[in-house]
Amino acid sequence: MEQAAGCPAVGGSYPQKNAEILSSQYGINLFLAGLLLTFAWAVHAVGISKSHLLSYLITLMLIQLLWMLWYLCRSCTQRRLIRAKDTHAGARWLKCGITLFAVITLILDSFKIGYYIDFSNCLSPTEGIFPVTHAVHTILQVYFLWCHAKDVIQSFKTLERFGVIHSVFTNLLLWTNGVLTESKHQLNEHKERLITLGFGNITVVLDDHAPQCNCTTTTLCLIFSQGIYYLYPFNIEYHILASTMLYVLWKNIGRKVEHHQQNKTPFKFHGITVGMIFGLIVLTSTIAIVVVYLIQIGGSKIKSELALTMFYLHAIFVLALMCTAGIVALLIYRLEDRSLDNSKNPARKLDAELLVGTAAGSWLLSWGSILAIICAQGHPKYTWYNLPYSMLVIIEKYIQNLFIIESIHREQEKVNDDIKTLRIVTISRGSTLSLTPLYKEIYNGRATRDSSDVPCLFKGSICGRENDGAGVAKEETSQDNSLVMHSASDFSVYSRNSVTNNKRRILKNIAAFLFLCNLSLWIPPAFGCRPEYDNGLEEIVFGFEPWIIVVNLAMPFSIFYRMHSAASLFEVNCKT
């Protein structure tokens, strides 16, 4: 049993630290076992088939389902209790994103079920059980994350640590399985295209896992088999997002949360028109480039070279724009004097670590391409465009990571939009008098209570003053001086607020533009537009198998980086 809440902190922290270490080691071993099983299936190890891998994944999903049902039932029985929440975890936009990916994942599962039915004569029963279990797992997990992603668990902490970490690594293994399956499909298409580029010295051996029997309905089989691979990118993003949200939940177990209200930061389209327009132009042009690339690549040597040249030129232009936007944003930050928020925040810490960690995948591929260009003896014309492209990929991620990490660590500035106050002005005895207090003062209940000034005006009456001439002159002089001081002060505050609003508007437009650019750069590798495969120069320098291994290991991180950056930039836009 857990120690009571009233016990000393030192006595309770030691077993909980052990529980954290034990649960993390359990999860790592769970993941390594599944990873080796996945690798054994991928290399056609003797005695290891796909049914063994799927059986292992089904078992893990069933265990997670049991734990989630237990947690949900226990939460229902304790729903009247006040629970601690991490307001930074499980943002609504993140939940909406994972729901969208989950819906497409359910479509993928339905395609797999249809594929199994058409090939049921020669497929293992596990290939039919797996998509059904996965669909149930997806529905319950999304519901669980919507309801409990913000929870800070304070009871049954040891048990919950094992349950949550089991869920984290189950999703990571499902992500690995999806990445491997999709990569094998891409690799087969890549091998078939290499010959058209003139690399005939590379041995083309297809790694085919197709069922060894005829389909009962040919048209449906073709739709299912082709559609599955176009839906895998969304399934991959779903599982990596789920694992990150569950990891934050695991880190929050037993944490003492400071009880302060987080400022709500809804997304608004107002003020980001320029960034959205330029971003949508980039997004539209990228989709067009991807469509043309997939049509042209592999058709002939000339068409393939033109497709690669077109891709590189477009990417160079987009990356250069992104670098410029990032530099402008960082310069604006340097001109501001705002402190950083250094409070403990697992979600924010994980975001920063994922940005730098996953960027390493792109950096690895870029440095490999740069080295290949330098060392290669022959250089087809289109390969020279790869040099500025690779260099810009490295520089752009440097700048973007710095911008995002600094943005999510900056304290949110409270800008008063009511500085622009209206005043009712009248001309009385040749002097201009301010007849109403500042809106700010009225709102805070600190309006002037001078019976000879404001109250009469709010009542709509005319205040006659029964003062003698000397008293009137003295009062007018005092009011004139007060007016000048108020006007100077208001003008100063208004000027500062105007400059701040202009900076905010520029930063919001930059964040919106980079958000759409990252979505644009996620699309090509996610849907098969991968010049790292089709360029061919790297395979000659490093060898076909070594380079393909590097690409298959690094590409998933590169794809995830773009989606994670887009999510982080969306948050930056809301906070700015």
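Small disclaimer: the values here were computed from a predicted structure and weren't measured.

Caption draft 1: Fine view of the overall build of the chain. Of the regular secondary structure elements, the chain holds 16 helices and 2 strands. With 576 residues in all, the chain has 48% of them scored as buried. For the chain, the proportion of contacts with a sequence separation of at least 24, taken over those separated by at least 6, is 85%.

Caption draft 2: Region of interest: empty space enclosed by the protein. For the structure on display, the rule yields 4 cavities of 30 Å³ or more. Here the largest cavity is characterised by a volume of approximately 350 Å³. As for the largest cavity, its lining consists of 27 residues, of which Phe311, Tyr389, Val393, Glu532 and Ser558 are closest to the centre. Approximately 100 Å³ is the volume attributed to the second largest cavity. Sorting the residues of the lining of the second largest cavity by element identifies helix H5 (157–194), helix H6 (218–251), helix H13 (469–526) and helix H16 (544–575) as the ones contributing at least two each.

Caption draft 3: Just the packing of aromatic side chains, in detail. Within this structure, the stated rule accounts for 22 aromatic pairs. Their ring planes at 40° and their centres at 6.2 Å tell us that Phe101 and Phe234 sit as a pair that is tilted. In this pair, Phe101 sits in helix H3 (residues 92–118) while Phe234 sits in helix H6, placing the two residues 133 residues apart along the sequence. For the pair shown, Phe101 and Phe234 are each scored as buried. With 5.8 Å between their ring centres and 35° between their planes, Tyr247 and Trp250 make a pair best called tilted.

Caption draft 4: Structural context of a nonpolar patch on the surface. A grouping of Ile113, Ile117, Val132 and Val136 is seen on the molecular surface, where their side chains present a nonpolar patch of about 310 Å² in accessible area. Secondary-structure elements contributing two or more residues to the nonpolar patch are H3 and helix H4 (126–148). Within the secondary structure, Val136 sits in helix H4. Owing to a relative accessible area of 44%, Val136 belongs among the partly exposed residues under this scheme.

Caption draft 5: Inspection of the state of the cysteines at higher detail. This model, assessed by the stated rule, comprises 0 disulfides. In this model Cys147 remains outside any disulfide bridge; the closest cysteine sulfur is found in Cys76, 8.6 Å from its own.

Caption draft 6: Representation of the nonpolar core in the model. Among the nonpolar cores identified, the biggest contains 125 residues, and Phe144, Phe311, Met322, Tyr389, Phe403 and Leu514 are the most heavily contacted of them. When residues of this core are assigned to their parent elements, the largest contribution, 16 residues, is made by H6. Inspection of this core shows a minimum of three residues originating in each of domain 1 (15–256) and domain 2 (270–411 + 498–575). Those residues in contact with Phe403 that sit more than four places away from it in its chain are Ala329, Leu330, Tyr333, Leu507, Ile510, Leu514, Leu569 and Val572.

Caption draft 7: Up close: the layout of surface pockets. The space that makes up the second largest pocket amounts to roughly 1,300 Å³. As for the second largest pocket, its lining consists of 42 residues, of which Leu35, Thr176, Val179, Asn552 and Leu553 are closest to the centre. Every element with two or more residues in the lining of the second largest pocket is listed here: helix H1 (9–42), H5, H6, helix H9 (346–375) and H16. Take the lining of the second largest pocket: its biggest share by element is 12 residues, from H5. Looking at the lining of the second largest pocket, its residues break down into 27 nonpolar, 10 polar and 5 charged. Split by domain, the lining of the second largest pocket shows at least three residues from each of two domains, domain 1 (15–256) and domain 2 (270–411 + 498–575).

Caption draft 8: Summary view of unusual backbone geometry. Here the phi dihedral of His44 falls at roughly 60°; this positive angle occurs in a residue that is not glycine. As for its position among the elements, His44 is in the loop between H1 and helix H2 (50–77).

Caption draft 9: Layout of the environment of Phe544. For Phe544, the position within the fold is in helix H16. Considered as a pair, Phe544 and Tyr533 are 11 residues apart in the sequence and their alpha carbons are 9.9 Å apart.

Caption draft 10: Here's a closer look at the pattern of salt bridges. All chains considered together, the criterion is met by 6 salt bridges. Across the pair Glu406 and Arg334 runs a salt bridge whose closest N-O atoms are separated by 2.5 Å. Of this pair, Glu406 sits in helix H10 (residues 386–409) while Arg334 sits in helix H8 (residues 301–335), placing them 72 residues apart in sequence. According to the relative accessible area criterion, Arg334 is exposed, its value standing at 51%.

Caption draft 11: Structural view of H10. Its 24 residues place the ends of H10 35 Å apart at the C-alpha level, agreeing with the 34 Å of an ideal helix rising 1.5 Å per residue. Among the 24 residues in H10, 17 count as buried, and that is most of the element.

Caption draft 12: Spatial organisation of the packing of H4 against H6. Relative to each other, H4 and H6 sit at 40°, their axes nearing to 11 Å. Looking at the two axes, H4 sits oblique to H6. Of the two elements, H4 crosses H6, and the hand of that crossing is left-handed. Contacts from His134, Thr138, Gln141, Val142, Phe144, Leu145 and His148 in H4 reach Asn235, Tyr238, His239, Ala242, Met245, Leu246 and Leu249 in H6.

Caption draft 13: Just the environment of Ala84, in detail. Looking at the element boundaries, Ala84 is found in the loop between H2 and H3. Taking relative accessible area as the criterion, Ala84 reaches 19% and is therefore assigned buried. Residues Ala84 and Lys150, 66 residues apart in the sequence, show an inter-C-alpha distance of 8.4 Å. When neighbours within four sequence positions are excluded, Ala84 is seen to be in contact with Lys150, Asp151 and Val152.

Rules behind the numbers
Residues numbered from 1 in each chain as written. Predicted model: local features only at pLDDT ≥ 70, side-chain atom pairs only at ≥ 80, totals over all residues. Heavy atoms only, no water. Helix = DSSP H or I, 4+ residues; strand = E, 2+ residues; numbered from the N terminus. Buried < 20%, exposed > 50% of the residue type's maximum accessible area, 1.4 Å probe, protein only. Contact = heavy atoms within 4.5 Å. 1 Å grid on protein atoms, 1.4 Å probe; cavity = no way out; pocket = protein on both sides within 12 Å on 5 of 7 lines; lining within 4 Å. Points joined across faces, edges and corners; volume = space filled by probe spheres on them. Phe/Tyr/Trp six-rings, centres within 6.5 Å; stacked < 30°, edge-to-face > 60°. Patch = residues over 30% accessible without salt bridge, like charges linked within 9 Å, V, L, I, M, F, W, Y side chains within 5 Å. Areas by Shrake-Rupley, 256 points an atom, 1.4 Å probe, with all protein chains shown as cover. Salt bridge = Lys/Arg side-chain N within 4 Å of Asp/Glu carboxyl O. Disulfide = S-S within 2.5 Å. Core = buried A, V, L, I, M, F, W, Y, C linked by side-chain atoms within 4.5 Å. Domains from an automatic or database assignment. Nonpolar A, V, L, I, M, F, W, Y, C, P; charged D, E, K, R; others polar. Expected span 1.5 Å × (residues − 1). Axes fitted to C-alpha atoms, helices over the stretch in contact; angles between N-to-C directions. Parallel < 35°, antiparallel > 145°, perpendicular 65-115°, else oblique. Left-handed = near helix turned anticlockwise from the far one by under 90°.

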